[in-house]
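Listed here are the chains, written in short residue letters.
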Amino acid sequence: MSEPGHNAVRDAILKLTAECGVGKTISAEQAARAVSEENFQRVLKDVRAEAVRLAKAGTITIYRKGKPVDPDTFKGVYRLGLPQG
């Protein structure tokens, strides 16, 4: 089976964040499972890379402990959501 492209990852992130709306967030695992339930762990690094791209473009925001973080420097567990405002 081929690895899912980042378009699938991007689409999953955009769809899930739009569905939950402003003020709510999704986990990276939710986005990865939306792309591949069986291989979601392999997709997690793609989710992170795509999340960083989308955050730099201003499309989504990366949150850690409920606060927006710098896409270049965040570490650890993170969540994804729509920009507030």
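Note that the structure is a prediction, hence the values are computed from the model and not measured.

### Examining the environment of Ile13
Checked against the element boundaries, Ile13 lands in helix H1 (residues 6-20). Here Ile13 falls in the buried class, since its relative accessible area comes to 0%. In this structure the C-alpha to C-alpha distance between Ile13 and Val47, which are 34 residues apart in sequence, comes to 7.8 Å. Beyond its immediate stretch of four places on either side in the chain, Ile13 contacts Ile26, Ala31, Val47, Glu50, Ala51, Leu54, Ile60 and Leu80.

### Examining the sheet that holds strand E2 (residues 61-64)
One open sheet accounts for four strands, arranged E1-E4-E2-E3; its pairing is antiparallel. In the strand order of this sheet, the two ends are held by strand E1 (25-27) and strand E3 (67-68), each with one partner. Direction of pairing for E2 relative to E3: antiparallel, over a ladder of two bridges. By the bridge assignment for E3, Tyr63 is matched with Pro68. Contacts from H1 reach E1 and strand E4 (79-81), with the element oriented near 140° to E1.

### Describing the packing of H1 against helix H3 (residues 40-56)
Taken N-terminus to C-terminus, the directions of H1 and H3 make an angle of 70°; their axes are 9 Å apart at the nearest point. In terms of orientation, H1 and H3 fall into the roughly perpendicular class. Once H1 is placed against H3, the crossing between them reads as right-handed. Here His6, Val9, Arg10, Ile13 and Leu14 of H1 come into contact with H3, specifically with Val43, Asp46, Val47, Glu50, Ala51, Arg53 and Leu54. Its residues placed into classes, the contact of H1 with H3 shows seven nonpolar, one polar and four charged.

Parameters and conventions
Residues numbered from 1 in each chain as written. Predicted model: local features only at pLDDT ≥ 70, side-chain atom pairs only at ≥ 80, totals over all residues. Heavy atoms only, no water. Helix = DSSP H or I, 4+ residues; strand = E, 2+ residues; numbered from the N terminus. Buried < 20%, exposed > 50% of the residue type's maximum accessible area, 1.4 Å probe, protein only. Contact = heavy atoms within 4.5 Å. Pairing = 2+ DSSP bridges. Axes fitted to C-alpha atoms, helices over the stretch in contact; angles between N-to-C directions. Parallel < 35°, antiparallel > 145°, perpendicular 65-115°, else oblique. Left-handed = near helix turned anticlockwise from the far one by under 90°. Nonpolar A, V, L, I, M, F, W, Y, C, P; charged D, E, K, R; others polar.

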